[in-house]
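# An overview of the molecular structure
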Amino acid sequence: MRDVLTDWQASSQFYHSVLVQRQLAPILKEAWLKQLMEGIMWVLLGIIVVQLLIRVRARLSKGPFTDEEVEQADPLFLAYLRSKGRLKLKDTQATMFQLIRKGILSMRVVKTKGRYRNDPGESNPQLTPKTTLEYSVESSVTSSSPDEQGLLQWLFSTYGFGKQRLRLDALAGPSEAESKRREAMKYYRLKEKALSEGVQSWKEQVVETRDWGQLIRTPLLLRLLVYVMFPILLLLTGIVCFVERVSVPGVIGLVVTVVIWSLVIRKIHVRLLYQAACVGLIISLTVAINGNSAFTSSLYSIIFLSIFVRLFLPAREVAPSARDWEASMRHWRKRYRKGIPVERLSESPEVLEQIIQTALVLGIGSRCVRKTDWSVLQQHHDPELRRLADREPASDNSVPGSTTLKHTPLLVLALHLRGIFRPMFAAEFPFDRTNYVFATIFPDSGGSSGHTSVNTDSYSGDGHHHGSDSGDSGGGGDSGGGGD
């Protein structure tokens, strides 16, 4: 009796599936469904066209703010807009520049730590600079914002020297020699993790303190694609799967796709998740259909086009309330990529220093300095600038000589290293994360065995080196001084 019931249930399910297929099959032949497919295709193409127009308009817009207003704006505000709210470790320097302008910090150029300065740099000389920046606390931080105070407390107490000085190379990754030693790499991987957690905490504090959460938003076209277009594609794929052949792999594929889509809704900015959901639709179609029809071919085309559209759409955009600043900032960046305009080189050293700071915040520091015609300064009204412009530039990344321009170290460094490919490398080196990535992928490139000669006592979990060399004001542990 039990076998008879089982056979009856199986037969019932089979006939039900056949009935469903017969009922749904005519649907795929309806003219309105074909028109829907064409409409979806035109909508996706329209999204591409609209996005192109938005980009062209943004490129042509110069914004209402002048170059001087952009340079005088809060550097962190510019960095926040440029990164679309995704602040990174390098953006902490924008806060440093603002604190310098407030008189809370001072900055000077010093030699890098011995482990970087003496690094042969055979694999990549660009990762072994000879100079770095050193920040010093000059006055109370009570006049600064809470996120600025939190940043100073975190960086100076964890990576600084005596809680009053901080060298940028204290934030850097391993040198080439250290990347060949297991114990050293273990220390630097922990350091990288600690830096990431610290930056995340600082970023949250910035958004909360300054109320910048409304400046960045998810684009409307992206929300349309994820919340409206993809459910339609999922529904059409499900109809095809049930019409063609109800199969276990097809059902599993649809279920997995729904799960991925639920993740896409939660993490709409992650492009890879949307691509994975579209791949799930393609796999479901492939394992479910028997043969290929004009309808399924159109559905394939639409899904592939949807993947292309997602690649084309940005994950974040600046809200209308800040688009004037974004346009002005973009225009400034485009103009100063070619170097500081000649008419601006007659400005005071303090203004030129702010220009270089802004270029560094906007990611064109070395390019801007390298493209600038510094010979124009030979006719400058400031005699010290004329002297520095007349002096022969350095052939390597050495520390500039003595000068009376104490409050414009970046300008002095630019004149000292004019002609060098990356003259602002002293300000850029610690934030180039490739020195972590390369060493992590190839930790034993020097043929290191399981044994190592690294003194593990010289590595501390507090994020900096300890050692007996007091001449290196960045935390010691290196051969050779660095404060001069």
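Described in the following lines is the structure provided in the data block.

Let's shift gears to the overall build of the protein. Secondary structure summary: the protein contains 19 helices and five strands in total. Counting over 484 residues, the protein shows a buried share of 48%. The long-range share in the protein, meaning contacts at least 24 apart out of those at least 6 apart in sequence, stands at 77%. Summing over all exposed atoms, the protein offers an accessible surface of approximately 23700 Å²; the carbon and sulfur share of this is 57%.

Between helix H4 (residues 75–82) and helix H13 (residues 323–336), the shortest axis-to-axis distance is 10 Å and the interhelical angle comes to 95°. The angle between the axes of H4 and H13 places the two elements in the roughly perpendicular class. On the side of H4, the interface is formed by Phe77, Leu78, Leu81 and Arg82, while H13 contributes Trp325, Glu326, Met329 and Arg333. For the contact of H4 with H13, the residue count by class is five nonpolar, no polar and three charged.

A few words now on the pattern of salt bridges. Where charged atoms of side chains with opposite charge meet at close range, the side chains can pair. Across all of its chains, the model carries 18 salt bridges by this definition. One salt bridge in this structure joins Glu317 and Arg217, with 2.8 Å as the shortest N-O distance. Here the residue Glu317 occupies a position in strand E5 (residues 317–318), and Arg217 occupies one in strand E4 (residues 216–217), the gap between them amounting to 100 residues. Glu317 sits in the buried class, given a relative accessible area of 16%. Across the pair Glu428 and Arg422 runs a salt bridge whose closest N-O atoms are separated by 3.5 Å. Accessibility expressed as a relative area gives 18% for Glu428, which makes it buried.

Burial analysis of strand E2 (residues 131–137) places six of its seven residues in the buried class, which makes it a mostly covered element. Examined bridge by bridge, strand E1 (residues 105–111) and E2 share seven bridges and lie antiparallel to one another. Each bridged residue has a counterpart across the sheet, and for Met107 the counterpart in E2 is Tyr135. The pairing of E2 with strand E3 (residues 165–167) spans three bridges and is antiparallel. Counterpart to Glu134 in the pairing with E3 is Arg167.

Judged by nonpolar contacts, the single largest core of 74 residues is most densely connected at Tyr135, Leu155, Ile356 and Trp374. Apart from the residues within four sequence positions on either side, Tyr135 is in contact with Gln93, Met96, Phe97, Ile100, Leu105, Ser106, Met107, Phe156, Gln164, Arg165, Leu166 and Leu168. Judged by nonpolar contacts, the second largest core, of 37 residues, contains Phe230, Ile260, Cys278 and Leu285.

Turning next to the packing of aromatic side chains. The description of an aromatic ring pair rests on the distance of the ring centres and on the angle between the ring planes. Within this structure, the stated rule accounts for 12 aromatic pairs. For the pair Tyr116 and Phe429, a centre-to-centre distance of 5.3 Å together with 75° between the ring planes defines the contact as edge-to-face. Separated by 313 residues along the polypeptide, Tyr116 in helix H6 (residues 114–117) and Phe429 in the loop between helix H18 (425–428) and helix H19 (434–441) bring together distant segments of the chain. By the burial criterion, Tyr116 is buried, and Phe429 matches it. With a centroid separation of 4.0 Å and 10° between ring planes, the pair formed by Trp332 and Tyr336 is classed as stacked.

This next bit is on helix H8 (residues 182–210). When the terminal C-alpha atoms of H8 are compared, their 42 Å separation across 29 residues agrees well with the 42 Å that a helix rising 1.5 Å per residue should span. Where H8 is concerned, the buried positions are Ala184, Met185, Tyr187, Tyr188, Lys191, Leu195, Gly198, Val199, Trp202, Lys203, Val206 and Arg210. Positive phi appears at Asp211, one or two residues downstream of H8, with a value of about 55°.

With that out of the way, let us pick up the sheet that holds E1. Sheet strands associate in pairs through backbone hydrogen bonding, adopting either a parallel or an antiparallel arrangement. Read from one edge to the other, the open sheet built from three strands follows the order E1-E2-E3, with strand pairing classed as antiparallel. Looking along the sheet, the strands with just one partner apiece sit at the ends: E1 and E3. Going across the sheet, the axis of each strand differs from the next one's by a mean of 25°, ignoring polarity. Here helix H7 (residues 146–159) sits on the sheet and contacts E1, E2 and E3; the angle it forms with E3, its principal contact strand, is near 80°.

Turning to helix H10 (residues 248–266), a few remarks are in order. For H10, with 19 residues, the first-to-last C-alpha span of 28 Å sits near the 27 Å given by 1.5 Å per residue. Buried within H10 we find Gly250, Gly253, Leu254, Thr257, Ile260, Trp261 and Val264. Down the axis of H10, the smallest arc covering the buried residues is 130°, so these residues share one side. Of the exposed residues in H10, those oriented more than 90 degrees away from the buried face are Val248 and Arg266.

Attention now goes to the environment of Ala414. Locating Ala414 in the fold gives a position in helix H17 (residues 409–416). Take Ala414: its relative accessible area is 0%, and that puts it in the buried class. Contact partners of Ala414, with chain neighbours within four places excluded, come to Ile356, Val369, Trp374 and Met424.

Its identity is not glycine, yet Lys84 carries a phi of approximately 55°, on the positive side. The backbone of Asp211 shows a phi angle near 55°, a positive value even though the residue is not glycine. A relative accessible area of 61% places Asp211 in the exposed class.

Calculation criteria
Residues numbered from 1 in each chain as written. Predicted model: local features only at pLDDT ≥ 70, side-chain atom pairs only at ≥ 80, totals over all residues. Heavy atoms only, no water. Helix = DSSP H or I, 4+ residues; strand = E, 2+ residues; numbered from the N terminus. Buried < 20%, exposed > 50% of the residue type's maximum accessible area, 1.4 Å probe, protein only. Contact = heavy atoms within 4.5 Å. Areas by Shrake-Rupley, 256 points an atom, 1.4 Å probe, with all protein chains shown as cover. Axes fitted to C-alpha atoms, helices over the stretch in contact; angles between N-to-C directions. Parallel < 35°, antiparallel > 145°, perpendicular 65-115°, else oblique. Nonpolar A, V, L, I, M, F, W, Y, C, P; charged D, E, K, R; others polar. Salt bridge = Lys/Arg side-chain N within 4 Å of Asp/Glu carboxyl O. Pairing = 2+ DSSP bridges. Core = buried A, V, L, I, M, F, W, Y, C linked by side-chain atoms within 4.5 Å. Phe/Tyr/Trp six-rings, centres within 6.5 Å; stacked < 30°, edge-to-face > 60°. Expected span 1.5 Å × (residues − 1). Arc of directions from axis to C-beta.

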